[in-house]
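Structure at a glance
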Amino acid sequence: MLPSLCRRARALTSFGILFFSSLILASSLILASPALLAAAPEGDKQTPPEAAPYTLAGIDVFGAKKTPESTILGILGIKEGATITPSLVTELGDKLKKSGKFAYTNISAADYGNHKSYLTVDVVEKGDEQRFKANPAPTGNVAVPQDILDWLKRYEKASFQMFQVNPRRMRDINDGHYLDSDPGLREYEEKMLETVPENYDILVKGLREDKDPVKRASCATLLGWAKDKKAVILPLEDALKDPDSQVRNNAARSLVPIAYLSAHTAVPFPIQPILDMLQYPAAADRNKAVSILLQLASDPANHQAIRSQGGGVLVQLAGAKHPAQREHSLTLLTVVTGESYGKDVDKWRAWWKAQQAGKWSPPKPPEPTPPSKTSKT
């Protein structure tokens, strides 16, 4: 665990990096320049140019332990360079599901500003269904105060608008919750630091019992500003098995700064639910699990569990074509192993084989450099 003195420097995380997996920039959100939309001279009306299409830059397959990746790619029948649209992603998902080879399938697309798109194909093979067992869907109706839900909606709208302008702005996570560098958004967050503790019990009840997944997702976000960080970990980790993906996403997002706080203080943070989430058959779940583990890895006491239980998935992610998945996993592997393999995926694969065989041990830290001898003049 790092000395307490290390916390004097404020911990900051990039909004753009942390929330990339949650904010997919669809082509429908791309706006033409005002100059292009200006009225043309009378008699010379022009149609604004269409946005450039997204083209497939790579496909990553996860969960196929027995089925060759080539078999899955053959079923999909799509190659790099193809134009990617939401309807095509749906069509590919239906095609894979109708093959009847898997207990579960899912295809998600991540689009980048350079008009490159990456597909992630998740499968659960028959007999491997225990990888993710969701909690039963709640059936209750919890009276969460509408004013706090409305406040969150305004905050989320303002946050999304700011993301369009400054996607890489920084957020302070030093105290276990987000405080934005933008004064306007910070005002929303400081208000939630006041109102969430007053409504803590009803928010936890709403997260656990309300039948509306939108309300549960809102409760998961709001609980990120709870005062008692130790107490709120349990309901948020329970929500990582919610049947709704957005609830899981929001709960994991709220846990990221709490994980940072835990790694630098005495706040206990059960790591097993996060390692379980790393195995889920959904790209968004894995990405959020890696984000949390990156914070928990600041405490060396967590390294062994991350290596032994998460090493296989992290090595696979390290070889992913999807840039964000690849880079974050490489960083986490480097931290928990002490190895300096960089982007050499073959070396990381060899490391994982040695780790599984019990033939790997952490490298010894470098010897301190002796002070240079200087002669007095």
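These figures come from a predicted structure and were not determined experimentally. (Residues numbered from 1 in each chain as written. Predicted model: local features only at pLDDT ≥ 70, side-chain atom pairs only at ≥ 80, totals over all residues. Heavy atoms only, no water.)

Here we come to the pattern of salt bridges. If you walk through the whole model with that rule in mind, you get 13 salt bridges. In this structure, the salt-bridge partner of Asp238 is Arg208, at a minimum N-O distance of 3.6 Å. A residue pair is termed long-range when its members are at least 10 positions apart, and Asp238 in helix α9 (residues 229-238) and Arg208 in helix α7 (residues 200-209) qualify at 30 residues. Classification of Arg208 by relative accessible area gives partly exposed; the value is 41%. (Salt bridge = Lys/Arg side-chain N within 4 Å of Asp/Glu carboxyl O. Helix = DSSP H or I, 4+ residues; strand = E, 2+ residues; numbered from the N terminus. Buried < 20%, exposed > 50% of the residue type's maximum accessible area, 1.4 Å probe, protein only.)

Turning our eyes to something else, we now look at the sheet that holds strand β4 (residues 102-111). Read from one edge of the open sheet, four strands run β3-β2-β5-β4, paired in mixed fashion. Looking at the sheet topology across the chains shown, the edges are occupied by β3 (83-84) and β4. Pairing between strand β2 (residues 54-62) and strand β5 (residues 116-125): seven bridges, direction parallel. Following the sheet pairing, Phe62 is matched in β5 by Asp122. (Pairing = 2+ DSSP bridges.)

What follows concerns the confidence of the model for the protein. Averaged over the protein, the pLDDT score is 86; the fraction of residues at 70 or greater is 85%. Considering only residues more than four positions removed or in separate chains, one finds that residues 1-9, a stretch of pLDDT under 50, has 15 contacts. Every residue in residues 15-49 is under pLDDT 50, and counting partners more than four places away or in other chains gives 47 contacts. (pLDDT = per-residue confidence, 0-100. Contact = heavy atoms within 4.5 Å.)

The first and last C-alpha atoms of helix α14 (residues 323-337) sit 21 Å apart over 15 residues, in line with the 21 Å expected at 1.5 Å per residue. All buried positions along α14 are accounted for by Pro323, Ala324, Gln325, Ser329, Leu330, Leu332, Leu333, Val336 and Thr337. For α14, the elements touching its buried residues are β2, β5, α12 (283-296), α13 (303-318) and α15 (345-356). (Expected span 1.5 Å × (residues − 1).)

Further remarks concern the packing of α12 against α13. Relative orientation of the contacting elements α12 and α13 amounts to 130 degrees, with a least axis distance of 12 Å. What the angle tells us is that α12 and α13 run oblique. The two elements α12 and α13 meet at a crossing, and its hand is left-handed. Contacts between α12 and α13 involve Arg286, Val290 and Leu293 from the former and Ile306, Val313, Leu314 and Leu317 from the latter. Its residues placed into classes, the contact of α12 with α13 shows six nonpolar, no polar and one charged. (Axes fitted to C-alpha atoms, helices over the stretch in contact; angles between N-to-C directions. Parallel < 35°, antiparallel > 145°, perpendicular 65-115°, else oblique. Left-handed = near helix turned anticlockwise from the far one by under 90°. Nonpolar A, V, L, I, M, F, W, Y, C, P; charged D, E, K, R; others polar.)

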